[in-house]
Amino acid sequence: MSAGGGKKAILAALSANAGIAAAKFVGAALTGSASMLAEAVHSVADTANQGLLLLGQRRAEQEADQLHPFGYGRNRYFYSFIVALVLFTLGSIYAIYEGVHKIQHPEELSNPIIAIVILVIAIALEGFSFMTAMKESQPLKGDSSWWRFIRNSRSPELPVVLLEDTGALIGLVFAFAGVGLTMLTGNPVWDGVGTLAIGLLLGVIALVLIVEMQSLLIGEGATPAEDRAIRENLVDGTRIDRVIHLKTQYLGPDEILVAAKIAIVPGLEIAEIATAIDEAEARVRGAVPAARVIYLEPDLYRTAKV
């Protein structure tokens, strides 16, 4: 994924969340709704998260140097991991605390209709952000399910935005239900229940993101489809007849490191081997453009002795 595609979704989410956060804080102040306040804090966390994702993309563009010879691409993974931690600490833990407090010590809502209006507007804005993220993700998702896309994507920003927006939309429904049930029943405990549900939801989403981003940060290999394409294009059938072993790792969302030991047909001259390696690298890059860093070790294939 190019940074441009993810950046459009991030900017859409940033704009929506900043406006929503301001509206929710006003609504929380006017109504005293704990679920509205929890949603306001959630939106602040989301807004900060979009800023962190943009910062990660900017840091990843730094040129490789002696200290980091493979570049800074993993900054995008690092800042996405920080986003997951922010969502968990600032969003989930606060909402759970506030929800438990409001259930134990319920408080009457004032002007709850204001909260309802703000929540409806927020749902519309979050829906716009969510649809933008879906549109930007579709070319990468292909025919796989959305869950599989989130689990297997090597580009962190779009899965993060998708999960954040999904959590925001469901959280708004919880807040809407909490305020609505409080209005219908006259029991403010429902506002606390809605707040607690928001906190638990954010916790689940944050944990999913933490697991996924931690895996990317440690280093994931090429996808199965990319692995097959690399193996197929390393072999030409005349000078390189097999791949003895292959290791790959994503150095960043747009760059794969390929290291392989390849079996050369016996009897080739050094110049022929060099040409075969150059052509193999070109074939691999043509099939898998992200395979920018390739190291090939020529060897002779030796069958195992029984």
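Residues numbered from 1 in each chain as written. Predicted model: local features only at pLDDT ≥ 70, side-chain atom pairs only at ≥ 80, totals over all residues. Heavy atoms only, no water.

**A few points about the overall build of the protein**
Alright, step 1. Broken down by element type, the protein carries nine helices and three strands.
Alright, step 2. When the helices and strands of the protein are read in sequence order from the N terminus, they spell out α-α-α-α-α-α-α-α-β-β-α-β.
Alright, step 3. With respect to the three principal axes, the spread of C-alpha positions in the protein is 90 × 45 × 35 Å.
Alright, step 4. Buried residues in the protein amount to 48% of all 306 residues.
Alright, step 5. Here the contacts in the protein between residues at least 6 apart in sequence split such that 76% fall between residues at least 24 apart.
Alright, step 6. Across the protein, the mean location of the 24 positive side-chain charges is 5 Å away from that of the 31 negative side-chain charges. (Helix = DSSP H or I, 4+ residues; strand = E, 2+ residues; numbered from the N terminus. Buried < 20%, exposed > 50% of the residue type's maximum accessible area, 1.4 Å probe, protein only. Contact = heavy atoms within 4.5 Å. Lys, Arg positive; Asp, Glu negative; His and termini not counted. Charge placed at Lys NZ, Arg CZ, Asp CG, Glu CD.)

**Some thoughts on the side chain of Arg239**
Alright, step 1. Mapped onto the elements of the fold, Arg239 is located in the loop between α8 (224-234) and β1 (240-252).
Alright, step 2. At 2.3 Å, the side chain of Arg239 and the side chain of Glu279 are in polar contact. (Polar contact = N/O pair within 3.5 Å; in protein donor to acceptor, adjacent residues only side chain to side chain.)

**Details of empty space enclosed by the protein**
Alright, step 1. If you walk through the whole model with that rule in mind, you get one cavity of 30 Å³ or more.
Alright, step 2. For the largest cavity, the calculated volume is near 30 Å³.
Alright, step 3. Around the largest cavity, the lining residues are Gly32, Lys102, Pro106, Glu107, Leu109, Pro188, Asp191 and Gly192.
Alright, step 4. Of the residues assigned to the lining of the largest cavity, the class counts are three nonpolar, two polar and three charged. (1 Å grid on protein atoms, 1.4 Å probe; cavity = no way out; pocket = protein on both sides within 12 Å on 5 of 7 lines; lining within 4 Å. Points joined across faces, edges and corners; volume = space filled by probe spheres on them. Nonpolar A, V, L, I, M, F, W, Y, C, P; charged D, E, K, R; others polar.)

**A look at the confidence of the model for the protein**
Alright, step 1. Across the protein, the average pLDDT comes to 86, with 97% of residues at or above 70.
Alright, step 2. Of the regions scoring below 50 in pLDDT, residues 1-5 engages in 12 contacts with residues more than four places distant in sequence or in other chains. (pLDDT = per-residue confidence, 0-100.)

**As for the sheet that holds strand β2 (residues 255-264)**
Alright, step 1. The sheet built from three strands is open, its strands ordered β1-β2-β3 with mixed pairing. The two strands at the open ends of the sheet, each matched to only one other strand, are β1 and β3 (293-299). Averaged over all pairs of adjacent strands, the angle between their axes in this sheet comes to 15 degrees, without regard to strand direction.
Alright, step 2. Inspection of the sheet shows β2 paired to β3 by seven bridges, in the parallel sense. Pairing of Val258 across the sheet is with Ile294, part of β3. (Pairing = 2+ DSSP bridges. Axes fitted to C-alpha atoms, helices over the stretch in contact; angles between N-to-C directions.)

**What to know about the nonpolar core**
Alright, step 1. Ranked by size, the top nonpolar core spans 70 residues in total, and within it Ile230, Leu234, Ile262 and Leu296 carry the most contacts.
Alright, step 2. Residues in contact with Leu234, not counting those within four places in the same chain, are Ile240, Val243, Leu246, Ala260, Ile262, Ala280, Arg283, Val284 and Leu296. (Core = buried A, V, L, I, M, F, W, Y, C linked by side-chain atoms within 4.5 Å.)

**Concerning helix α4 (residues 112-141)**
Alright, step 1. The end-to-end C-alpha separation of α4 is 41 Å, in line with the 44 Å expected for 30 residues at 1.5 Å each.
Alright, step 2. The sharpest bend along α4 measures roughly 25 degrees and falls at Lys135, with the proline Pro139 sitting one to four residues further on.
Alright, step 3. Following α4 by one or two positions, Gly142 adopts a phi angle in the positive range, close to 65 degrees. (Expected span 1.5 Å × (residues − 1). Bend = angle between axes of the 7 residues up to and from the residue.)

**Focus: the side chain of Glu157**
Alright, step 1. Relative to the helices and strands, Glu157 resides in helix α6 (residues 157-185).
Alright, step 2. Taking the relative accessible area as the measure of exposure, Glu157 reaches 0% and is therefore buried.
Alright, step 3. A polar contact is formed between the side chain of Glu157 and the side chain of Arg76, at a distance of 2.7 Å.

**Details of a nonpolar patch on the surface**
Alright, step 1. A cluster of nonpolar side chains, Ile103, Leu181, Leu184, Trp190 and Val193, forms an exposed patch at the surface whose accessible area comes to about 440 Å².
Alright, step 2. Elements represented by at least two residues in the nonpolar patch include exactly α6 and α7 (189-218).
Alright, step 3. Position of Leu184 relative to the elements: it lies in helix α6.
Alright, step 4. For Leu184, a relative accessible area of 74% translates into the label exposed. (Patch = residues over 30% accessible without salt bridge, like charges linked within 9 Å, V, L, I, M, F, W, Y side chains within 5 Å. Areas by Shrake-Rupley, 256 points an atom, 1.4 Å probe, with all protein chains shown as cover. Salt bridge = Lys/Arg side-chain N within 4 Å of Asp/Glu carboxyl O.)

**Details of the pattern of salt bridges**
Alright, step 1. All chains considered together, the criterion is met by 10 salt bridges.
Alright, step 2. Put simply, Glu281 and Arg285 hold a salt bridge, and the shortest N to O gap is 3.7 Å. Of this pair, Glu281 and Arg285 both sit in helix α9 (residues 270-287), four residues apart, which is roughly one turn of that helix.
Alright, step 3. Overall, Glu281 belongs to the buried group, its relative accessible area being 16%.
Alright, step 4. Residue class for Arg285 comes out partly exposed when judged on its relative accessible area of 33%.
Alright, step 5. Among the charged side chains, a salt-bridge network with shared partners connects Arg76, Glu157 and Asp254.

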